[in-house]
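# Summary of structural features
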Amino acid sequence: MAFETFFGNEVLKNTVWQRLKTGTLPHAIILEGERGLGKRTFARLIAAGLLCANENPPCGQCRACTNVLEKNHPDVLYYETEKHTKDNFKIDTVRDIRDIAYISPNQAAYKVFILAEADLMNTAAQNALLKILEEPPAYAVFILLCEKKSAFLETILSRCTVYKLERVDDETAFAAVRELLSGPTDEEIRKCIELVGGNIGMVLDGLRGNEALRANEKALEIAEALCSSYEFDLLKVLGDLEAPAAKGILAALAEPLKAVCRDAVALRCGGEALIKMNAPTAHRLAESFTKKQLFALEEVAEELGRRVDRNMNRKLLLTWLCAALRTAVEYE
Ligand SMILES: [Zn+2]
């Protein structure tokens, strides 16, 4: 069974498999999960399961399965936004989907529509989609992919069954990444999993560019510079981020910076640091600053993430970051 190729999420895989076997899969599905968990792959497995010619769907071997999994089946239609930003799943695309939905399938008993990033629809687009979901042709199955189902109107939610993809445990993540990447050492893989958790896609991204690890190192340098009494240290550490090659590090910096601040707060409250390799720096932060200051630093990291998402000019962003970090630790 091809579901075995998908790592973790055993309960969900079993639920979907039972539904496929008994022919009771809902015709409108929301597949929810954060970036990197494999929503697109899982949606294709569901589609293969619907179209599979064998007893144990999706078998992964028959012609229908192979075609679907290779994104090459005329009855599985796949939609993706161009810009991956809010409101970018356009109403015109939804109208196209409606027109195509009312044309019978080419070869299969079903016509499957996979709408990646469906949560990027605005209200008008969602209402247009609702009209199709209210009166769908019997052969149509809609799989809406999203990071958070809360982006959908109640009326859409009430017509869909929500399936949620979860992170996997560290061992599963390690096995998955080891199988998929030959470059990094076991130690690098374990470090990256410790940083980003059981999100296989994000671990892969991190290792491919090694940016998660480099961003973590940079976050630690920033934290150390804040603890140092030399103002120049912070300027120097942030100055390195101006180089064009550091673009990816800056983009990935918010998460590790937040994490080390969070660990420092935990230590200050008598708890433990979650990320072991960052513990010495988290300890220094906890000794140097009050809880209030640490919360303020965490808030700066949070805001950094938002500003990076908005694609701010890098030089301006760094100037802001330097000032914001200083203000945060002056705050009493
Ligand atoms: Zn098959």
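Model, not experiment: these values are computed from the prediction.

Within the chain, the regular secondary structure consists of 16 helices and five strands. Based on the C-alpha atoms only, the size of the chain along its principal axes is roughly 70 × 45 × 40 Å. The buried share among the 332 residues of the chain stands at 39%. For the chain, restricting intrachain contacts to residue pairs at least 6 apart in sequence, the fraction spanning at least 24 positions comes to 71%.

With that settled, consider the sheet that holds strand S1 (residues 28–32). If you walk across this open sheet you meet the five strands as S2-S3-S4-S1-S5, and the pairing is parallel. Each edge of the open sheet carries a strand with a single partner, namely strand S2 (76–79) and strand S5 (161–164). Neighbour to neighbour, the strand axes of the sheet diverge by 20 degrees on average, direction disregarded. Note that strand S3 (residues 111–115) and strand S4 (residues 140–146) share five bridges and pair parallel. What sits directly across from Lys111, in S4, is Ala140.

Residue position: Glu32 is located in strand S1. The sequence separation of Glu32 and Leu250 amounts to 218 residues, and the corresponding C-alpha distance is 28 Å. When residues no more than four places from it in sequence are discounted, the contact partners of Glu32 are Cys146, Lys148, Lys149, Val162 and Lys164.

As a packed pair, helix H15 (residues 291–309) and helix H16 (residues 314–330) sit with axes 8 Å apart at the nearest point and diverge in direction by 165 degrees. The pairing of H15 with H16 is recorded here as roughly antiparallel in orientation. You can see that H15 and H16 cross each other, and the crossing is right-handed. Where H15 approaches H16, its residues Gln293, Ala296, Leu297, Val300, Glu303, Leu304 and Arg307 are matched on the opposing element by Leu317, Leu321, Ala324, Leu325, Ala328 and Val329. Here the residues of the contact of H15 with H16 sort into 10 nonpolar, one polar and two charged.

What follows covers the pairing of S4. Burial within S4 is extensive, with seven of its seven residues counted as buried. Both faces of S4 are covered, namely the face carrying Ala140, Phe142, Leu144 and Cys146 and the face carrying Val141, Ile143 and Leu145. In this structure, S1 lies alongside S4, joined through five bridges in parallel fashion. Across the sheet, residue Ala28 finds its bridge partner in S4, namely Phe142.

Quick look at the domain arrangement of the chain now. Domain annotation for the chain reports domain 1 (2–164), domain 2 (169–208) and domain 3 (210–330). Using only C-alpha atoms to locate each centre, domain 1 and domain 3 end up separated by 39 Å.

Considered for burial, the residues of helix H8 (residues 186–196) that qualify are Ile189, Lys191, Cys192, Ile193, Leu195 and Val196. Those residues of H8 that are buried are in contact with helix H7 (170–180), helix H9 (200–209), helix H10 (211–227) and helix H13 (254–268). Once H8 finishes, Gly197 follows within two positions and takes phi at roughly 80 degrees, a positive value.

Here Glu272 shows up in the loop between H13 and helix H14 (279–288). Taking the C-alpha atoms as reference points, Glu272 and Lys164, 108 residues apart in sequence, are found 30 Å from one another.

The subject of this paragraph is the packing of H10 against H14. As a packed pair, H10 and H14 sit with axes 9 Å apart at the nearest point and diverge in direction by 30 degrees. Taken as axis vectors, H10 and H14 run roughly parallel relative to one another. In this structure, H10 crosses over H14, and the sense of that crossing is left-handed. Packed against H10, whose contacting residues are Leu220, Ala223, Glu224 and Cys227, the element H14 presents Thr281, Arg284, Leu285 and Ser288 at the interface.

On to unusual backbone geometry, then. The peptide bond linking Pro57 to Pro58 adopts the cis configuration, its omega dihedral lying at -10 degrees. Looking at the element boundaries, Pro58 is found in the loop between helix H2 (39–51) and helix H3 (63–69). The phi dihedral of Asn9 falls on the positive side, at around 55 degrees, and the residue is not glycine. With respect to the helices and strands, the residue Asn9 is situated in the segment before helix H1 (10–21). With phi around 55 degrees, Glu117 is a residue other than glycine that occupies positive phi space. Tracing the sequence through the fold places Glu117 in the loop between S3 and helix H5 (123–134). On the neighbour-count criterion, Glu117 (21 C-beta atoms within 10 Å) is buried.

This part is about H2. Its 13 residues give H2 an end-to-end C-alpha distance of 19 Å, which sits within 8% of 18 Å, the value for a rise of 1.5 Å per residue. Of all 13 residues that make up H2, 11 are buried, and the element is covered over most of its length. For H2, the complete set of buried residues consists of Lys39, Phe42, Ala43, Arg44, Leu45, Ile46, Ala47, Ala48, Gly49, Leu50 and Leu51. Buried-residue contacts for H2 involve H1, S1, H3, S2, S3 and S4.

About the criteria used
- Residues numbered from 1 in each chain as written.
- Predicted model: local features only at pLDDT ≥ 70, side-chain atom pairs only at ≥ 80, totals over all residues.
- Helix = DSSP H or I, 4+ residues; strand = E, 2+ residues; numbered from the N terminus.
- Buried ≥ 20, exposed ≤ 12 C-beta atoms within 10 Å, placed from the backbone.
- Contact = placed C-beta atoms within 7 Å.
- Pairing = 2+ DSSP bridges.
- Axes fitted to C-alpha atoms, helices over the stretch in contact; angles between N-to-C directions.
- Parallel < 35°, antiparallel > 145°, perpendicular 65-115°, else oblique.
- Left-handed = near helix turned anticlockwise from the far one by under 90°.
- Nonpolar A, V, L, I, M, F, W, Y, C, P; charged D, E, K, R; others polar.
- Domains from an automatic or database assignment.
- Expected span 1.5 Å × (residues − 1).

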